[in-house]
Amino acid sequence: QVQLVESGGGLVQPGGSLRLSCAASGFTLAHYAIGWFRQAPGKEREGVSCTYNNGGTYLDDSVKGRLTISRDNAKNTVYMQMNNLKTGDTGVYYCAAEVVGGTCEVASYDYWGQGAQVTVSS
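Residues numbered from 1 in each chain as written. Predicted model: local features only at pLDDT ≥ 70, side-chain atom pairs only at ≥ 80, totals over all residues. Heavy atoms only, no water.

> How would you explain the overall build of the chain if you had to name every residue and give the values?
The helix and strand tally for the chain stands at zero helices and 11 strands. Shown N-terminal to C-terminal, the secondary structure of the chain runs as helices and strands in the order β-β-β-β-β-β-β-β-β-β-β. For 122 residues, the compact-globule estimate of 2.2 N^0.38 gives 14 Å, and the C-alpha radius of gyration of the chain, at 13 Å, lies within 12% of that figure. When the backbone C-alpha atoms are referred to their principal axes, the chain occupies close to 40 × 25 × 25 Å. Every one of the 122 residues in the chain was classed for burial, and the buried ones make up 43%. Within the chain, counting contacts between residues at least 6 apart in sequence, those at least 24 apart form 60% of the total. (Helix = DSSP H or I, 4+ residues; strand = E, 2+ residues; numbered from the N terminus. Rg over C-alpha atoms; globule rule 2.2 N^0.38 Å. Buried < 20%, exposed > 50% of the residue type's maximum accessible area, 1.4 Å probe, protein only. Contact = heavy atoms within 4.5 Å.)

Right under this line is the structure:
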């Protein structure tokens, strides 16, 4: 079964940092394009960071300079490091995978993690 399992969410004070993990099973993550999406309370799910098969990337303006994506192919896991967190970063974060990725739109992705709650509050 194809699964994406997320971990690492939690409550963080403004200015703090957090790292989300997205571990794949049932498929080789290195063969897929990966996206990270945020759904804030009462808002639509939107892309915050996506990597494409051609090596291109997308970062939402709200996270530029504060977010770093990395991966460990041996662990079949990708990570999103978030620094200098702001209240506006609060939401449920989802990792997603698609066989061929060239956009950062929700409808483009084939597989989704269960979501990880990130709450930034003092």
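Having seen the structure, we can now continue with the description.
> Provide a residue-level description of the state of the cysteines, including the pertinent values.
The final tally for this structure, using the stated rule, is two disulfides. Between the sulfur atoms of Cys 22 and its disulfide mate Cys 95 the distance is 2.0 Å. On the sign convention where negative is left-handed, the bridge of Cys 22 and Cys 95, at about 70° about the S-S bond, is right-handed. Of this pair, Cys 22 sits in strand β3 (residues 18-25) while Cys 95 sits in strand β9 (residues 91-98), placing them 73 residues apart in sequence. No difference in accessibility class separates Cys 22 from Cys 95, as the two residues are buried. The disulfide partner of Cys 50 is Cys 104, and the gap between their sulfur atoms is 1.9 Å. With the S-S dihedral at roughly 70°, the linkage between Cys 50 and Cys 104 falls on the right-handed side. Of this pair, Cys 50 sits in strand β5 (residues 46-51) while Cys 104 sits in the loop between β9 and β10 (111-112), and the two are 54 residues apart along the sequence. On the basis of relative accessibility, which here comes to 1%, the residue Cys 50 falls in the buried class. You can call Cys 104 buried: its relative accessible area is 13%. The connectivity of the disulfide-linked cysteines in the chain, indexed sequentially, is 1-3, 2-4. (Disulfide = S-S within 2.5 Å.)

Just distances and angles here, no functional claims.
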